[in-house]
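# Breakdown of the fold
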Amino acid sequence: MSVIRQARVEDAAILAEAEREIAKIPGRLASRPEELKDDAFRATIAKLADPAHGIYLVIEDAGHLVGHALLERRELAVTLHVVNLTIAVHEGAQGKGHGRKLLQALIEWSKANPEIEKIELHVRSINARAIALYESCGFREEGRKIKRLKLGPDRYVDDVYMALWVGLEVP
């Protein structure tokens, strides 16, 4: 049975290591493993402990962290209604519904916060499973940055921008 809870600062090293493992496969994350620092995870968890800045969740299965996700509020006055989504299901835990559970928890949190109207994310065009998950939860593609990520010589990947309106949708 999986349990979703607020991330704690002491989770940072495990979450950073999980993302470093995911990042070893080119194109899975925009970051490279060496760019993912424990201190940055600690700082983000601490910042998002205050709901005014967003929320950081983890999912545990059989007592082990198997995924994490966060919503981080934009800081400019004209974009305070927008949160950015980051989600990672740890290696070996994919395909078991953990990502969907985290995503649904974050959508519900957003809907319960009337000042939040829109969830945005970007995902690599080669990550078909993630795109299918987002679409099944109501996200729509809003744009694409062509060849934004360079994975190697003559090997590029598009970044797909997707969003979900949780407030009053603008046509």
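From a predicted model like this one, the values you see are computed outputs, not experimental measurements.

Attention now moves to the layout of surface pockets. Unoccupied space between atoms shows up once a probe the size of one water molecule is rolled over them. Its volume calculated, the largest pocket comes out at about 1100 Å³. Surrounding the largest pocket, 41 residues form its lining, Leu29, Thr86, Ile87, Ala88 and Tyr134 being those nearest its centre. Broken down by element, the residue count for the lining of the largest pocket peaks at six residues, all from strand β4 (residues 82-89). For the lining of the largest pocket, the class distribution of residues is 20 nonpolar, 11 polar and 10 charged. Roughly 180 Å³ of volume is contained in the second largest pocket. The wall of the second largest pocket is formed by 13 residues, among which Leu29, Ala30, Arg32, Lys150 and Leu151 lie closest to the centre. For the lining of the second largest pocket, a count of residues per class yields seven nonpolar, two polar and four charged.

Listed as buried for helix α4 (residues 128-136) are Ala130, Ile131, Leu133 and Tyr134. The buried side chains of α4 occupy one side of the element, clustering within an arc of 160° when seen end-on. Along α4, exposed side chains directed more than 90 degrees from the buried face belong to Ala128 and Arg129. Looking at the buried residues of α4, the elements they touch are β4, α3 (98-111), β5 (118-124) and β7 (155-165). Phi turns positive one or two residues past the end of α4, at glycine 138, with a value near 100°.

If you look at the biggest cluster of nonpolar residues, it comprises 30 residues, and the most contacted ones within it are Leu85, Leu103, Ile119, Tyr134 and Phe139. Put simply, the parts of the chain that give this core at least two residues each are β2 (54-61), β3 (64-73), β4, α3, β5, α4 and β7. With five residues, α3 is the single largest residue contributor to this core. Residues contacting leucine 85, with those up to four places away along its chain left out, are Leu70, Leu71, Leu103, Leu106, Ile119, Glu120, Leu121, Tyr134 and Phe139.

Another point: the sheet that holds β3. One open sheet accounts for seven strands, arranged β1-β2-β3-β4-β5-β7-β6; its pairing is mixed. This sheet does not close on itself; its edge strands, each paired only once, are β1 (2-6) and β6 (140-152). Neighbour-to-neighbour, the strand axes of this sheet turn through a mean angle of 25°, independent of strand direction. Relative to β2, β1 runs antiparallel, the two being bridged by five bridges. Counted as the bridge partner of arginine 5 is valine 58 from β2. Strands β4, β5 and β7 of the sheet are contacted by α4, whose axis makes an angle of about 160° with β5.

Looking at where histidine 68 falls in the secondary structure, it is placed in strand β3. There is a polar contact of 2.7 Å between the side chain of histidine 68 and the side chain of glutamate 19. Within the structure, histidine 68 has its side chain in polar contact with the side chain of histidine 90 (distance 2.8 Å). When neighbours within four sequence positions are excluded, histidine 68 is seen to be in contact with Leu15, Glu19, Phe41, Tyr56, Leu57, Val58, Thr86, Ile87, Ala88, His90 and Leu102.

Glycine aside, negative phi is the norm for most residues, and most peptide bonds take the trans geometry. Notably, alanine 62 is not glycine yet its phi reads approximately 55°, a positive angle. Exposure remark for alanine 62: the relative accessible area of 66% places this residue in the exposed category. The residue lysine 147 is not glycine, and still its phi comes out positive at about 50°. Along the chain, the position of lysine 147 falls in strand β6.

Conventions used here
Residues numbered from 1 in each chain as written. Predicted model: local features only at pLDDT ≥ 70, side-chain atom pairs only at ≥ 80, totals over all residues. Heavy atoms only, no water. 1 Å grid on protein atoms, 1.4 Å probe; cavity = no way out; pocket = protein on both sides within 12 Å on 5 of 7 lines; lining within 4 Å. Points joined across faces, edges and corners; volume = space filled by probe spheres on them. Helix = DSSP H or I, 4+ residues; strand = E, 2+ residues; numbered from the N terminus. Nonpolar A, V, L, I, M, F, W, Y, C, P; charged D, E, K, R; others polar. Buried < 20%, exposed > 50% of the residue type's maximum accessible area, 1.4 Å probe, protein only. Arc of directions from axis to C-beta. Contact = heavy atoms within 4.5 Å. Core = buried A, V, L, I, M, F, W, Y, C linked by side-chain atoms within 4.5 Å. Pairing = 2+ DSSP bridges. Axes fitted to C-alpha atoms, helices over the stretch in contact; angles between N-to-C directions. Polar contact = N/O pair within 3.5 Å; in protein donor to acceptor, adjacent residues only side chain to side chain.

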